[in-house]
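Each chain, written out:
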Amino acid sequence: YAIGDDTNVSIKLYDITGREVKELVNEKKQAGYYTIKLKADNLSSGIYFYRISTSSGYSETKKLMLLK
């Protein structure tokens, strides 16, 4: 993911019912490009959603399909 300015970033993973499964990021980040490795050992195959939100007002939700 890419951050345009210094801001607090939160990335959370939700299951298909909308329940929060995992918090992937919750910290202040400087502007730049970042990657995340998702350890899905305890997750089952299926559809998940992840939401990226920042303290500067940006928020977006995207779909993720996990296949094992």
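As the structure is a prediction and not an experimental result, all values here were calculated from the model.

About the thresholds
- Residues numbered from 1 in each chain as written.
- Predicted model: local features only at pLDDT ≥ 70, side-chain atom pairs only at ≥ 80, totals over all residues.
- Heavy atoms only, no water.
- Phe/Tyr/Trp six-rings, centres within 6.5 Å; stacked < 30°, edge-to-face > 60°.
- Helix = DSSP H or I, 4+ residues; strand = E, 2+ residues; numbered from the N terminus.
- Buried < 20%, exposed > 50% of the residue type's maximum accessible area, 1.4 Å probe, protein only.
- Salt bridge = Lys/Arg side-chain N within 4 Å of Asp/Glu carboxyl O.

**Student:** Provide a residue-level description of the packing of aromatic side chains, including the pertinent values.
**Tutor:** If you walk through the whole model with that rule in mind, you get one aromatic pair. Seen from their ring centres, Y1 and Y34 are 5.5 Å apart, and the 25° between their planes marks the pair as stacked. Within this pair, whereas Y1 is found in the segment before β1 (2–3), its partner Y34 is found in the loop between β4 (32–33) and β5 (46–54), the two being separated by 33 residues in sequence. In this structure Y1 comes out as partly exposed when scored by relative accessible area, which is 23%.

**Student:** Break down the pattern of salt bridges for me, citing the residues and quoting the values.
**Tutor:** Here the structure, examined in full by the defined rule, presents four salt bridges. A salt bridge links R19 to D15, with the nearest nitrogen and oxygen atoms 2.8 Å apart. By relative accessible area, R19 is classed as exposed at 57%. Given a relative accessible area of 10%, D15 falls into the buried group.

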